[in-house]
Amino acid sequence: MKSVVVLGGGVAGTAAALAAARGGARVVLLDGGTGASTLATGAIDDTPWMHAPPVPEPVSAASRAILDGLAAYALPVAGALLATTAGILRHARGHDLALLDLAPLAGRRVGVVGCDRPEWDAGALARAWGDGFTPLEATVLRHVDERLLPAADFAARHDDEARLAWLAERLRDALARAGTRFDALVLPSSLGVDTARAQALSALVGLPVGEAAASPGGPSGLRFERARDRALGAASVTRTVGRATGVERHVDGWRVAREEGPALEATAVVIAVGGFIGGGLEYAPGEAAEAAALPPASRPPFRLTLDIPAAKLGAHGRPLEIPGSLFGIPPESLAWPFAPDAMMERVGVLVDADGRATPGLYAAGETVADAPHTWLRALDSGARAGAAAALTSPAERPSSPSVGPASRP
């Protein structure tokens, strides 16, 4: 049986592992810990939402299969409309099942449930979101400590059926006292961690209830992790906690060195360790080598945090160039907002359309060069890389790899 090792436990790594398992490979996922996926807000985007097309692009069958396996997200055909705790309404391609989709509620009255927590001001949010939103006074906090509990801890309390029933009763009482008919209710981040509890609460209250999309670091990222672990277990993927330090060719396959424990050997490896936020890439200009004198040599300003000589970094479809000056590249020319189409937004491992960096070695998600840094694109690239990795033959040997910018079929 072919074997695949996936580095990274985020959206891209999870999709790669599930796709490889569906392809018949024996899969080990090496999870290095919290990354960008754990900071998810619950909104799913295909392209950056401010530039999203009016009509959403169709989702590939492979991506749809991964989403079905996670069983934690909705992907409406026409997209979704979400309220955010920043006070804006924003379009999204899909959403975490705990969030309230406002798209079917156009022209309806939505109650903004009062809750005495630092991140939530029902009156201010109702005014910011505009017509159709009205504050609703209700008792949401049951214990004194809940006012200052981290959002994820507060949400976890509603995994308990009795606590959810208590909340439903309080919301029904508030609706009965209001004297105004509401068509839906929106809450702060509070509806479960093990699973999204919005559907169960809606059934108890008798109308749609859901969360607003909150800042990074809330319960949505933890809900992803729980859904990931269930999906990996159902697919017989072995998830191991630990960090890789490097990947090298070994016999007819690859060897993955780890910080702790023996090396892992596989027919193919998928690198899905994230970008700058996830810790897979780092800014490392040559001039940082010596603060008081010129460095001995010039080098590109970015590098992988893993030792993988076979993975070549690039941007704009070509390998990174060595700066012509020992002083390196001016930092302001690499990042937004100082540079349009900034290199920091594009740099990554150069791959082909299937995520192949060289035969048997693949990359996915924000580790890939020239790929949009969105949730759904990460999932899609992981699904393609995982499926291709499962087809890798031990006989494949790299010759002169031809790589270019990642593209979607």
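For the structure itself, consult the block above.
Report follows, based on the coordinates. Predicted model only: the values in this text are computed from it and were never measured.

## Examining the sheet that holds strand β23 (residues 361-363)
Turning to step 1, where the next piece is worked out: One open sheet accounts for six strands, arranged β12-β2-β1-β16-β23-β22; its pairing is mixed. Because the sheet does not close on itself, it has two edges, and the strands there are β12 (238-241) and β22 (356-358). Within the sheet, the average angular offset between the axes of one strand and its neighbour, ignoring direction, is 25 degrees.
Turning to step 2, where the next piece is worked out: Pairing between strand β2 (residues 26-31) and β12: four bridges, direction parallel. Residue pairing in the sheet places aspartate 31 in a bridge with valine 241 of β12.
Turning to step 3, where the next piece is worked out: Strand contacts of helix α1 (residues 11-22): β1 (3-7), β2 and β16 (268-271), with the helix running at about 170 degrees to β2, the strand carrying the most contacts.
Turning to step 4, where the next piece is worked out: Lying on the sheet, helix α8 (residues 375-390) is in contact with β1, β16, β22 and β23; it crosses β23 at an angle near 170 degrees.

## Observations concerning the sheet that holds strand β15 (residues 264-266)
Turning to step 1, where the next piece is worked out: Strand order across the open sheet formed by three strands is β13-β14-β15, with antiparallel pairing between neighbours. Two strands close off the open sheet at either side, each with one partner strand: β13 (244-250) and β15. Going from strand to strand, the sheet's axes swing by 20 degrees on average, the running direction of each strand aside.
Turning to step 2, where the next piece is worked out: Where β13 lies against strand β14 (residues 253-258), six bridges are found, and the strand directions are antiparallel. From the neighbouring strand, glycine 246 faces β14, where its bridge partner is alanine 257.

## Re the packing of aromatic side chains
Turning to step 1, where the next piece is worked out: Going through the model one piece at a time under the given rule, you end up with five aromatic pairs.
Turning to step 2, where the next piece is worked out: Judged by centre distance (5.8 Å) and plane angle (55 degrees), the ring pair of tyrosine 283 and phenylalanine 302 falls under tilted. Of this pair, tyrosine 283 sits in strand β17 (residues 281-283) while phenylalanine 302 sits in strand β18 (residues 302-304), placing them 19 residues apart in sequence.
Turning to step 3, where the next piece is worked out: The exposure class assigned to tyrosine 283 is partly exposed, which follows from its relative accessible area of 33%.
Turning to step 4, where the next piece is worked out: Assessed through its relative accessible area of 4%, phenylalanine 302 is described here as buried.
Turning to step 5, where the next piece is worked out: These aromatic residues form a ring-pair network of at least three members: Trp120, Trp129 and Phe133.

## Things to note about the pairing of β1
Turning to step 1, where the next piece is worked out: For β1, a buried count of five out of five residues is recorded, marking the element as mostly surrounded by other parts of the structure.
Turning to step 2, where the next piece is worked out: By the alternation rule, side chains of β1 split into Ser3, Val5 and Leu7 and Val4 and Val6, which are all buried.
Turning to step 3, where the next piece is worked out: In the sheet, β1 pairs with β2 via five bridges, with the strands oriented parallel. Paired with valine 6 across the bridge in β2 is leucine 29.
Turning to step 4, where the next piece is worked out: Note that the unit made of β1, α1 and β2 has a crossover that is right-handed.
Turning to step 5, where the next piece is worked out: Bridge analysis of β1 against β16 gives four bridges, and the strand direction is parallel. Looking across to β16, one finds that valine 6 is bridged to valine 270.

## Here we look at the pattern of salt bridges
Close approach of charged atoms allows side chains with opposite charge to pair.
Turning to step 1, where the next piece is worked out: For the coordinates displayed, the defined rule picks out 23 salt bridges.
Turning to step 2, where the next piece is worked out: Among the ionic pairs, arginine 228 bridges to aspartate 31, the shortest N-O distance being 3.3 Å. Taken together, the positions of arginine 228 in helix α7 (residues 219-234) and aspartate 31 in strand β2 put the pair 197 residues apart, joining distant regions of the chain. For the pair formed by arginine 228 and aspartate 31, the shared burial category is buried.
Turning to step 3, where the next piece is worked out: In this structure, glutamate 282 and arginine 303 form a salt bridge, with 2.5 Å as the shortest nitrogen-oxygen distance. Here glutamate 282 is found in strand β17, whereas its partner arginine 303 is found in strand β18, with 21 residues between them in sequence.
Turning to step 4, where the next piece is worked out: When its relative accessible area of 27% is taken as the criterion, glutamate 282 is described as partly exposed.
Turning to step 5, where the next piece is worked out: Residue classification places arginine 303 among the partly exposed positions, given a relative accessible area of 39%.
Turning to step 6, where the next piece is worked out: One salt-bridge network, held together by shared partners, links Asp31, Arg228, Asp229 and Arg239.

## Examining the packing of α1 against α7
Turning to step 1, where the next piece is worked out: Relative to each other, α1 and α7 sit at 15 degrees, their axes nearing to 11 Å. As far as their axial angle goes, α7 and α1 are roughly parallel. Note on packing geometry: the crossing formed by α1 with α7 is left-handed. The segment α1 lies against α7, with Val11, Thr14, Ala17 and Leu18 engaging Phe224, Arg228, Ala231 and Leu232.
Turning to step 2, where the next piece is worked out: Taken together, the residues that form the contact of α1 with α7 break down as six nonpolar, one polar and one charged.

About the criteria used
Residues numbered from 1 in each chain as written. Predicted model: local features only at pLDDT ≥ 70, side-chain atom pairs only at ≥ 80, totals over all residues. Heavy atoms only, no water. Pairing = 2+ DSSP bridges. Helix = DSSP H or I, 4+ residues; strand = E, 2+ residues; numbered from the N terminus. Axes fitted to C-alpha atoms, helices over the stretch in contact; angles between N-to-C directions. Contact = heavy atoms within 4.5 Å. Phe/Tyr/Trp six-rings, centres within 6.5 Å; stacked < 30°, edge-to-face > 60°. Buried < 20%, exposed > 50% of the residue type's maximum accessible area, 1.4 Å probe, protein only. Right-handed = clockwise from strand over helix to strand, strands pointing away. Salt bridge = Lys/Arg side-chain N within 4 Å of Asp/Glu carboxyl O. Parallel < 35°, antiparallel > 145°, perpendicular 65-115°, else oblique. Left-handed = near helix turned anticlockwise from the far one by under 90°. Nonpolar A, V, L, I, M, F, W, Y, C, P; charged D, E, K, R; others polar.

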